[in-house]
Amino acid sequence: MITVTMRLARRVQALGCVLALRFLVLVLWDVPAAWALDNGLATTPTMGWLHWERFMCNTDCEEEPDSCISENLFMQMADLMDSEGWKEAGYEYLCIDDCWMAPQRDSKGRLQADPTRFPSGIHYLANYVHSKGLKLGIYADVGKKTCAGYPGSFGYYDIDAEVFADWGVDLLKFDGCYCDSVEQLANGYKHMSLALNKTGRSIVYSCEWPLYMWPFHKPNYTEIRQYCNHWRNTGDVYDSWQSIKSILNWVSFNQKAIVTVAGPGGWNDPDMLVIGNFGLSWDQQITQMALWAIMAAPLLMSNDLRHISTQAKALLQNKDVIAINQDPLGKQGYLLRKEDNIEVWERPLSNLAWAVAMVNMQEIGGPRSFTINIASLGQGVACNPACHITELLPVKTKLGFYEWTSCLKTRINPSGTVLLRLESQTT
């Protein structure tokens, strides 16, 4: 929420050579980017639900009781995450964003929930969410106020961390509004990280530190990774194709700076999934799901689970796409190349597999044919000497056996994506 004072390829024929080259690639991919936040959390990207994009700061429960930020909203979402297959798909964290607080702290300087909209309190809500086999996330701000003007955590980092732990909170989204300097911003993010760890409770720490640092200088991602489990780089996602495109453009332009730092315990966060809302076509929803998997991004939906289409639900719960996102190798994918408005992204996976996404960024005309040389994929080794290729999106299809010297031809809808999984065949 940016309402702030600080804004923002010769073929290797002998099998021994093939395996040696593969080993080299894996060694290079296995070099740790940096020491990560030592809290044992977010070993794969966080999955869950976050209220902001869909429900924003709606506090009018008299006029809009079904969509205001209240304990009823979160309890209803918890019920659905438990009963409608979301939890089994991996969506574990139910997260509150801004506008849950009362306007002032209590007499002991502690944050408190709005007594009208959260009459039972956050501890009660956390217990309810935990009873569903889920975890609760909450929101606060490093500065003097939250982006919506509620009490910030500046000067109260230790107190707030203890309160969140006492309440049973499992994730903190820590925004960066209303800081007086970049030094205050950085010190605040570090302080809260240490304060959370000091509580002894396992709390995933979601930062917006680099987002607020970029307007002034390039963030130190090695340092950020030491304190945060994931971090936002770009402004808030909107329910629009333009917003999704701008995020993808930013990531590809800055990938040399951000891709290698991501891995188990610390991830780049391109913001929420807006699948199941109003602004994206079906092909664009496929593109967001596919690229968020390629980018090893946290999968935090912001939609209304009470009113979501069967089609959108199936996409969000697609186990093959989620498996790419949650792959234990933990390497973020990257833009391999762009030609004639078609982007090719790829990501190394465990067991010598690769994921490849081909995106048609052209927004005029119909589906476009695209042919790619197999040898160009996966650092030249994904299909060396051969591989099995499965199309996962838009429709799961076993495409069959491809040799390293062959080509793959496909058709991609405007603003759509074809997502592939390449499984190595070494014999």
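It should be emphasised that the depicted structure is a prediction, and the values quoted were computed from it without experimental measurement. (Residues numbered from 1 in each chain as written. Predicted model: local features only at pLDDT ≥ 70, side-chain atom pairs only at ≥ 80, totals over all residues. Heavy atoms only, no water.)

Draft legend 1. Quick look at the overall build of the protein. Looking only at helices and strands, one finds 14 helices and 16 strands in the protein. For 427 residues, the compact-globule estimate of 2.2 N^0.38 gives 22 Å, and the C-alpha radius of gyration of the protein, at 22 Å, lies within 12% of that figure. Across its three principal axes, the protein shows a C-alpha extent of roughly 75 × 40 × 40 Å. Counting all 427 residues of the protein, 59% fall into the buried class. Entry remark: accessible area of the protein is about 16800 Å², with carbon and sulfur atoms responsible for 51%. Charge separation in the protein, taken as the distance between the mean sites of 36 positive and 45 negative side-chain charges, equals 8 Å. (Helix = DSSP H or I, 4+ residues; strand = E, 2+ residues; numbered from the N terminus. Rg over C-alpha atoms; globule rule 2.2 N^0.38 Å. Buried < 20%, exposed > 50% of the residue type's maximum accessible area, 1.4 Å probe, protein only. Areas by Shrake-Rupley, 256 points an atom, 1.4 Å probe, with all protein chains shown as cover. Lys, Arg positive; Asp, Glu negative; His and termini not counted. Charge placed at Lys NZ, Arg CZ, Asp CG, Glu CD.)

Draft legend 2. Structural context of unusual backbone geometry. Residues asparagine 384 and proline 385 are joined by a peptide bond in cis, for which omega reads 10°. Structurally, proline 385 can be placed in the loop between strand S12 (368-373) and strand S13 (386-393). Looking along the chain, the bond that leaves leucine 393 and enters proline 394 is cis, with omega of 5°. With respect to the element layout, proline 394 can be found in the loop between S13 and strand S14 (397-403). Even without being glycine, alanine 296 reaches a positive phi, approximately 50°. Note on placement: alanine 296 falls in the loop between helix H12 (282-294) and strand S8 (299-301). We classify alanine 296 as buried; its relative accessible area is 0%.

Draft legend 3. Highlighting the packing of aromatic side chains. Under the defined criterion, the tally for this structure stands at 13 aromatic pairs. Ring centres of phenylalanine 174 and tyrosine 205 lie 6.1 Å apart, and the angle between their planes is 45°; on these two criteria the pair is classed as tilted. Here phenylalanine 174, found in strand S4 (residues 171-175), pairs with tyrosine 205, found in strand S5 (residues 204-207); they are 31 residues apart in sequence, far enough to count as distant. Residue phenylalanine 174 shares its accessibility class with tyrosine 205, and that shared class is buried. Among the aromatic residues, those joined into a ring-pair cluster are Phe154, Tyr157, Phe174, Tyr189, Tyr205, Trp209 and Tyr227. Across from the ring centre of phenylalanine 55, 5.9 Å away, lies the NZ or CZ of arginine 54, which sits over that ring. Over the ring of tyrosine 178 we find lysine 145, and its NZ or CZ is 4.6 Å from the ring centre. (Phe/Tyr/Trp six-rings, centres within 6.5 Å; stacked < 30°, edge-to-face > 60°. Lys NZ or Arg CZ within 6 Å of the ring centre and 35° of its normal.)

Draft legend 4. Quick peek at the nonpolar core. Tyr91 and Trp100 are the most contacted members of the largest nonpolar core, which totals 136 residues. For tyrosine 91, the residues in contact, after removing those within four places along its chain, are Met47, Gly48, Met81, Trp86, Leu134, Leu273, Met289, Leu299, Met301, Leu316 and Ile322. (Core = buried A, V, L, I, M, F, W, Y, C linked by side-chain atoms within 4.5 Å. Contact = heavy atoms within 4.5 Å.)

Draft legend 5. Expanded view of the state of the cysteines. The full count for this structure, using the stated rule, is five disulfides. One disulfide in the model links cysteine 147 with cysteine 177; its S-S distance is 1.9 Å. Handedness here is read from the sign of the S-S torsion; for cysteine 147 and cysteine 177, about 90°, the answer is right-handed. One end of the pair, cysteine 147, is in the loop between strand S3 (135-141) and helix H6 (157-167); the other, cysteine 177, is in the loop between S4 and helix H7 (182-198), with 30 residues separating them in the sequence. When the cysteines engaged in disulfides are numbered in sequence order, the protein pairs them as 1-4, 2-3, 5-6, 7-8, 9-10. A disulfide-free cysteine, cysteine 179 has its sulfur positioned 8.6 Å from the sulfur of cysteine 177, the nearest such atom. Note on cysteine 407: no disulfide assigned, nearest cysteine sulfur contributed by cysteine 383 at a separation of 12 Å. (Disulfide = S-S within 2.5 Å.)

Draft legend 6. Structural view of helix H10 (residues 241-253). Helix length check: H10, at 13 residues, gives a terminal C-alpha distance of 18 Å against a target of 18 Å (1.5 Å per residue), a fit within 8%. For H10, the full list of buried residues reads Trp241, Ser243, Ile244, Lys245, Ile247, Leu248, Val251 and Ser252. Buried-residue contacts for H10 involve helix H11 (255-258), H12, strand S9 (334-339) and strand S10 (342-348). (Expected span 1.5 Å × (residues − 1).)

So yeah, pure geometry; function would need other evidence.
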